[in-house]
Amino acid sequence: MATALRFHTTLHYYVVHDGAGQPEGLLAEEFLFAVDHSCIGLVGGGWSRAEGRWSDASATSRRLRVDPALRARVTPVSRDRAATLYREFCGATLPDEATLRTCFGAPPAPPSPPLPLHRPEATPGFRETRTYRILFAGTLTPGGLTALGEAWQMPLTDDLAAPGVRVLGTVRRQVGRDAFRWELRRIAAGAAWGLDVTCDLTGGRDEAVGVLLRGLTAQVRLHGLIPVTVDRFR
């Protein structure tokens, strides 16, 4: 049965805590994407009680992906939650997203596209097949896994506590004549998490691919994992 993709995405927001665990600021960030919806960069802006203003925090956003100590001081939140905290911090309304983007640093130069040596074969019955991996850092809790399973109507294939488990669940969706499948899996012996997303496309339009990748990223992020990148493998 065909369904519509109904994800609503905004900037990604985080609360930054001090060494004692008290909120000390906010981080807002955005991934930048190539025309094929793979990630080509990350920019962000931050606000702290100490400085009392928004400024470029792109370097902090990038460090968050590789620094476990910093990740331990950061909590992913929705925009609504960020707005509530911002009002508590300084008694003001959280700036709209267009305004926040003005404090982001200059985007990095996009990488050169790979030289296509051949066109991979598509799944029979489709014009094109693409495979992406959305990579996440952090720890997925049992509660987070249960919530994702419910949101995606994803049967869980095994126990999160079992160290040898790699794939925790698989989801399939039909959108018009296009078909999508994603697997939630452990990577590097549990050091990271990934969604491996396969997109079987019939027509010449791929807007649904971008909607799906951004929506899945936003959903997983709100259950505690930090998105790192979106790579395309096929």
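Use the structure listed above.
Below is a short write-up of the structure. (Residues numbered from 1 in each chain as written. Predicted model: local features only at pLDDT ≥ 70, side-chain atom pairs only at ≥ 80, totals over all residues. Heavy atoms only, no water.)

## Overview of the nonpolar core
Okay, so step 1: Counting residues in hydrophobic clusters, the biggest one holds 31 residues, and the most contacted among them are Trp-152, Leu-195 and Val-197.
Okay, so step 2: At the level of elements, β3 (39–48), β6 (128–137), α5 (142–152), β7 (167–175), β8 (178–187), β9 (192–201) and α6 (207–221) are the ones that each hand at least two residues to this core.
Okay, so step 3: Formed by 17 residues, the second largest nonpolar core is a distinct cluster that contains Leu-11, Val-15, Phe-89 and Cys-103. (Core = buried A, V, L, I, M, F, W, Y, C linked by side-chain atoms within 4.5 Å. Buried < 20%, exposed > 50% of the residue type's maximum accessible area, 1.4 Å probe, protein only. Helix = DSSP H or I, 4+ residues; strand = E, 2+ residues; numbered from the N terminus.)

## Some points on the pattern of salt bridges
Close approach of charged atoms allows side chains of opposite charge to pair.
Okay, so step 1: What the rule picks out here adds up to 13 salt bridges.
Okay, so step 2: In this structure, Glu-24 and Arg-73 form a salt bridge, with 2.6 Å as the shortest nitrogen-oxygen distance. Of the two residues, Glu-24 is situated in strand β2 (residues 23–33) and Arg-73 in the loop between α2 (68–71) and β5 (74–77); the sequence distance between them amounts to 49 residues.
Okay, so step 3: Under the relative-accessibility criterion, Glu-24 is labelled partly exposed at 29%.
Okay, so step 4: Across the pair Arg-130 and Glu-128 runs a salt bridge whose closest N-O atoms are separated by 3.0 Å.
Okay, so step 5: One network of salt bridges, with partners in common, ties together Asp-36, Arg-127, Glu-128, Arg-130, Asp-206 and Arg-232. (Salt bridge = Lys/Arg side-chain N within 4 Å of Asp/Glu carboxyl O.)

## Quick look at the environment of His-12
Okay, so step 1: Structurally, His-12 can be placed in strand β1 (residues 12–17).
Okay, so step 2: Between the alpha carbons of His-12 and Thr-217 there is a distance of 9.7 Å; along the sequence they are 205 residues apart.
Okay, so step 3: Apart from residues lying up to four places away in sequence, His-12 is in contact with Leu-27, Ala-28, Glu-29, Phe-31, Thr-217, Ala-218, Arg-221 and Pro-227. (Contact = heavy atoms within 4.5 Å.)

## Remarks on α6
Okay, so step 1: Look at α6: 22 Å from first C-alpha to last across 15 residues, which is about the 21 Å you get at 1.5 Å a residue.
Okay, so step 2: Among the residues making up α6, those that are buried are Val-209, Gly-210, Leu-212, Leu-213, Gly-215, Leu-216, Thr-217, Ala-218, Val-220 and Arg-221. (Expected span 1.5 Å × (residues − 1).)

## Re the side chain of Asp-206
Okay, so step 1: With respect to the helices and strands, Asp-206 occurs in the loop between β9 and α6.
Okay, so step 2: Non-local contacts of Asp-206, meaning those with residues more than four positions away in its chain, are made with Val-35, His-37, Arg-130 and Leu-201.

## Here's the deal with the packing of aromatic side chains
Okay, so step 1: Counted by the stated rule, this structure contains 5 aromatic pairs.
Okay, so step 2: Considering the side-chain rings of Phe-31 and Phe-33, the 6.5 Å spacing of their centres and the 50° angle between planes classify their relative orientation as tilted.
Okay, so step 3: In this structure Phe-31 comes out as buried when scored by relative accessible area, which is 10%.
Okay, so step 4: Where Trp-47 meets Phe-89, the ring centres are 5.6 Å apart and the plane angle is 10°; that geometry is what we call stacked. Highlighted residues: Trp-47 in strand β3 and Phe-89 in helix α3 (residues 79–90), separated in sequence by 42 residues.
Okay, so step 5: Look at Trp-47 and you get buried, because its relative accessible area is 6%.
Okay, so step 6: Phe-89 gets classed as buried once you look at its relative accessible area, which sits at 15%.
Okay, so step 7: In this structure an aromatic cluster arises from ring pairing among Trp-47, Trp-54, Tyr-86 and Phe-89.
Okay, so step 8: Across from the ring centre of Phe-33, 4.0 Å away, lies the NZ or CZ of Arg-214, which sits over that ring.
Okay, so step 9: Geometry around Tyr-14 places Arg-221 over its ring, the cationic atom sitting 4.9 Å from the centre. (Phe/Tyr/Trp six-rings, centres within 6.5 Å; stacked < 30°, edge-to-face > 60°. Lys NZ or Arg CZ within 6 Å of the ring centre and 35° of its normal.)

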